[in-house]
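Structural characterization, general
One letter stands for each residue in the lines below.
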Amino acid sequence: MKKVITYGTFDLLHEGHVNLLRRAKALGDWLIVGVTTDNFDLERGKMNTCNNVMERIEAVRKTGYADQIIIEEYRGQKIDDIQRYGVDIFAIGSDWEGYFDYLKEFCEVVYLPRTEGISSTQLRDEQPGVRLGIIGTGSIAERFVPESEVVSGVRVTAAYNPDQARCKEFCKRFGIGLAARTAEELYAACDAVYIASPHYTHGAYTKAALEAGKHVLCETPFVFTGAEAGELFALADSKGLTLMLAHKTAYCPAFGHLVTLLKSGAIGEIVDVNASVTTLTDESSEKLDVKLFGGSMSENACFPLLPIFKLLGTDWSNINFYSKMKNGVDLYTKAVFRYAAATASFQVGLGAKTEGNLTVSGTKGYAYVPAPWWKTDYFELRFEDQNQNKKFFYPFVGEGLRYEIKDFVATVTGSALTWSKLSRKEIVRMADVQQLWLSGTNVFTL
Ligand code: CTP
């Protein structure tokens, strides 16, 4: 029996796929089709699939050409599969001509003619998609636009910055159609808003955008009181709108895997979490301007709070803050949390530098994520017996913003399986921590 194998994502299954499968099947007696998993696609930086793996497998099955369907989940798997299943022919579309010649060592390689004029990319581009408006055109917005371009189902249609000259320059640079003169003009030209304006304006813009009927993705820090965060979520609910926090680490696949591993007991019971984020900043920067809610807590605290809340929950019994102040803002703050059965601490700084790593201590071992842990691409689990140590590597694609953008779009459109990587409670409690610090509760100044 002659066995043929082929692989693909098979998103939005189309005529080109069907032709390819028919031709592959005709090469032998038994056709094996490898369909990529969602995770494998994500790790390869393919952020734009519309169908999840189960839907894609079902679509391939329905063509009737596949005798066997397998999932492809790691790089190099093709060589293993060819040997595992005793494959005679590897077949793939001619767009890959030459690329898979390395498989000739293991079986015959056939490049089949590709059907002209159709592709999943083209079909995805034809879908209506979310029109996104950006408020604030600073450095994070500059990174956001190129990242949004690799996610399907979304396009940036407008930007707004009260400084019109900067807004126009931004729109020209990124090919954005409308440099809105007012926030209202922006709301009229989009379905959803990404808020990347100065921190202290986040609450007001979020409220106005929701009242205008727009979904909202807001940068960190969200707002500075838990009550305001709760009110904004209630407003989003009453309007049936999505309100999400743009916290890139929360949406990064490697960080998600670290949390699920640790929550399932990989290092025993967790007894301590420590994380730090410091970014040395010029004292004249807006980030250190007391009038603009600047300072290390407001700029950076949302990041270390993420692993602390994910691993220990949000019900701490006490927090002490130790802050080195200058001109009314904290150049550096260390916070120490007491939980019922654990401790946590973080260091944040704009005027002091420290190692930016994350360590999680457990009763059986500890997890170590080197700096910059908030762009997680590697971590280790370490034990007393070093033979048990494990290292985990992941790609962190681009600026890492594409993960949160993909989840935001999927939530807004309800188009793919997704869940909130950051719960409302966690977001509200992040605002509570800001509020505690701002009100001076257990804040010891240095
Ligand atoms: N294929 C084809 N003709 C097309 C599109 C795809 O023969 N018009 C083939 C590819 O060469 C590959 C298989 O179908 O062998 C699965 O390809 P996949 O990457 O899933 O499909 P594309 O439509 O090319 O997807 P994308 O646009 O995301 O790259």
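Just above, that's the structure.
The following paragraphs examine the structure supplied in this document. All values derive from a computational prediction rather than experimental measurement.

The next point concerns the site of the ligand. Residues in contact with the ligand amount to 18 residues; listed here are only the nearest, Asp 95, Ile 118, Ser 120, Thr 121 and Arg 124. A distance of 2.9 Å separates an oxygen atom of the ligand from a polar atom in the backbone of Phe 10. A distance of 2.9 Å separates an oxygen atom of the ligand from a polar side-chain atom of His 14. The fraction of the free accessible surface of the ligand (570 Å²) that becomes covered by protein chains is 91%. Of all the secondary-structure elements, those providing two or more residues to the shell around the ligand are helix 1 (15-26), strand 4 (89-93) and helix 5 (120-126). Split into classes, the residues belonging to the shell around the ligand amount to four nonpolar, ten polar and four charged.

Let us now look at the pattern of salt bridges. Within the structure shown, the criterion is met by 24 salt bridges. Of the charged contacts, one joins Asp 95 and Arg 114 as a salt bridge, the two residues approaching to 2.8 Å between their closest N and O atoms. With Asp 95 in the loop between strand 4 and strand 5 (108-112) and Arg 114 in the loop between strand 5 and helix 5, the pair connects residues that are 19 residues apart, well separated along the chain. The class of Arg 114 is partly exposed, set by a relative accessible area of 38%. Through salt bridges with shared partners, one network takes in Asp 38, Asp 41 and Arg 56.

Strand order in the open sheet made by the five strands is 3-2-1-4-5, with parallel pairing throughout. Each edge of the open sheet is held by one strand with a lone partner, namely strand 3 (68-72) and strand 5. With strand direction ignored, the average angle separating the axes of adjacent strands in the sheet is 25 degrees. Alignment of strand 2 (residues 30-36) against strand 3, held across five bridges, turns out to be parallel. From the neighbouring strand, Ile 32 faces strand 3, where its bridge partner is Gln 68.

Attention shifts here to the packing of aromatic side chains. For the coordinates displayed, the defined rule picks out 21 aromatic pairs. Arranged with centres 4.9 Å apart and planes meeting at 55 degrees, the rings of Phe 170 and Phe 174 form a pair that is tilted. Separated by four residues within a single helix, Phe 170 and Phe 174 lie in helix 7 (residues 164-174), roughly one turn from each other. Of the two residues examined, Phe 170 and Phe 174, each falls in the buried class.

What follows deals with helix 12 (residues 253-263). Along helix 12, the residues classified as buried are Ala 254, Phe 255, Leu 258, Val 259, Leu 261 and Leu 262. Taken down its axis, helix 12 places every buried residue within 165 degrees of arc, on the same side. Gly 265, located one to two residues past helix 12, shows a positive phi value of around 90 degrees.

Along the chain, Asn 274 turns up in strand 12 (residues 270-278). Within the structure, the side chain of Asn 274 is placed 2.7 Å from the side chain of Ser 345, a separation counted as a polar contact. For Asn 274, the residues in contact, after removing those within four places along its chain, are Ser 345, Phe 346, Gln 347, Asn 357, Leu 358 and Thr 359.

A few words now on the pairing of strand 15 (residues 343-349). Counting buried positions along strand 15 yields six of seven residues, so the element is predominantly enclosed. Of the pairings in the sheet, the one linking strand 12 to strand 15 comprises seven bridges and is parallel in character. If you follow Val 277 over to strand 15, its bridge partner there is Val 348. Pairing of strand 14 (residues 329-338) with strand 15 involves seven bridges; the strand directions are antiparallel. Directly across from Thr 333, in strand 15, lies its bridge partner Val 348. Taking the residues between adjacent antiparallel strands as the criterion, strand 14 and strand 15 are bridged by four residues.

Okay, the sheet that holds strand 14 next. One open sheet accounts for nine strands, arranged 19-18-17-16-12-15-14-13-20; its pairing is mixed. Of all strands in the sheet, those bounded by a partner on one side alone are strand 19 (390-393) and strand 20 (443-445). Put simply, the sheet's adjacent strands are angled 15 degrees from each other on average, direction ignored. In the sheet, strand 18 (residues 378-382) pairs with strand 19 via four bridges, with the strands oriented antiparallel.

The rules behind the values
Residues numbered from 1 in each chain as written. Predicted model: local features only at pLDDT ≥ 70, side-chain atom pairs only at ≥ 80, totals over all residues. Heavy atoms only, no water. Near = heavy atom within 4 Å. Polar contact = N/O pair within 3.5 Å; in protein donor to acceptor, adjacent residues only side chain to side chain. Areas by Shrake-Rupley, 256 points an atom, 1.4 Å probe, with all protein chains shown as cover. Helix = DSSP H or I, 4+ residues; strand = E, 2+ residues; numbered from the N terminus. Nonpolar A, V, L, I, M, F, W, Y, C, P; charged D, E, K, R; others polar. Salt bridge = Lys/Arg side-chain N within 4 Å of Asp/Glu carboxyl O. Buried < 20%, exposed > 50% of the residue type's maximum accessible area, 1.4 Å probe, protein only. Pairing = 2+ DSSP bridges. Axes fitted to C-alpha atoms, helices over the stretch in contact; angles between N-to-C directions. Phe/Tyr/Trp six-rings, centres within 6.5 Å; stacked < 30°, edge-to-face > 60°. Arc of directions from axis to C-beta. Contact = heavy atoms within 4.5 Å.

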